[in-house]
Amino acid sequence: MFKVLLLILLFPILSVSSFKAQAVELEPFETDYCTMFIDGNWQHCCLEHDLRYWIGGDKADQFASDLKLKACVKEEAGVLWANTIYHAVRLGHYSPIKNKYKWSWGWSEREEFSKLSALEKQTVIKEIHRSTLDPKVVRRFIWENNLEAAQN
């Protein structure tokens, strides 16, 4: 009897939380490239970094995103610029001055540091295809971020 009563009491809570997980909304992608920094010949590096910040993920994803930015800028402009941008981004996480483009900014309601669900990945794919980005950039982003499995 106790189990039945417990289920009756918990059903509304479980229903609401499962509905919330299904309601996935993602803002359209936009970029300002190298936020609050000059856009050198590494602008495409900042675009890809902005894409990863748009969709978010867990803390490891954020760290990997920042390292990818550093590697890309190093390839385009050298170690000095790469280290400068990388450290500025990492310090920016602690800044009291926040802008729209924080980690996982594209989601209307989502836990900031958690892995993307299959439904969220499908939403990313659908929304990124709606963007005005070059289709080559879109395909590479989907592939590099292991989103292709969600296309099925």
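Residues numbered from 1 in each chain as written. Predicted model: local features only at pLDDT ≥ 70, side-chain atom pairs only at ≥ 80, totals over all residues. Heavy atoms only, no water.

Colleague: Even after reading the chapter, I still don't get the confidence of the model for the protein chain, so can you show me in this structure?
Modeller: Parts of the prediction with low pLDDT should not have their coordinates interpreted in detail. When the pLDDT values of the protein chain are averaged, the result is 86; 82% of them are 70 or greater. Taken element by element, the protein chain is modelled with least confidence in helix α1 (residues 2–22), mean pLDDT 46, and with most confidence in helix α3 (residues 59–77), mean pLDDT 97. In this model, residues 2–7 is a region of pLDDT below 50 whose contacts with residues beyond four sequence positions or in other chains number zero contacts. Contacts from residues 9–23, a stretch scored under 50 in pLDDT, to residues over four places away or in other chains number three contacts. (pLDDT = per-residue confidence, 0-100. Helix = DSSP H or I, 4+ residues; strand = E, 2+ residues; numbered from the N terminus. Contact = heavy atoms within 4.5 Å.)

Colleague: I keep staring at helix α2 (residues 43–55) and nothing clicks. Help me out?
Modeller: For the α-helix, the turn length of 3.6 residues means that residues three or four positions removed from each other point alike. Taking 1.5 Å per residue, 13 residues should reach 18 Å; α2 reaches 19 Å between its end C-alpha atoms and fits that length. Extensive coverage of α2 is indicated by the burial of 11 of its 13 residues. Residues C45, C46, L47, E48, H49, D50, L51, R52, Y53, W54 and I55 constitute the buried set of α2. At the C-terminal side of α2, G56 shows a positive phi close to 75°. (Expected span 1.5 Å × (residues − 1). Buried < 20%, exposed > 50% of the residue type's maximum accessible area, 1.4 Å probe, protein only.)

Colleague: Please clarify how the side chain of S131 should be interpreted in this entry.
Modeller: The residue S131 is located in the loop between α5 (118–130) and α6 (135–144) in this model. Owing to a relative accessible area of 19%, S131 belongs among the buried residues under this scheme. At 3.3 Å, the side chain of S131 and the backbone nitrogen of L133 are in polar contact. (Polar contact = N/O pair within 3.5 Å; in protein donor to acceptor, adjacent residues only side chain to side chain.)

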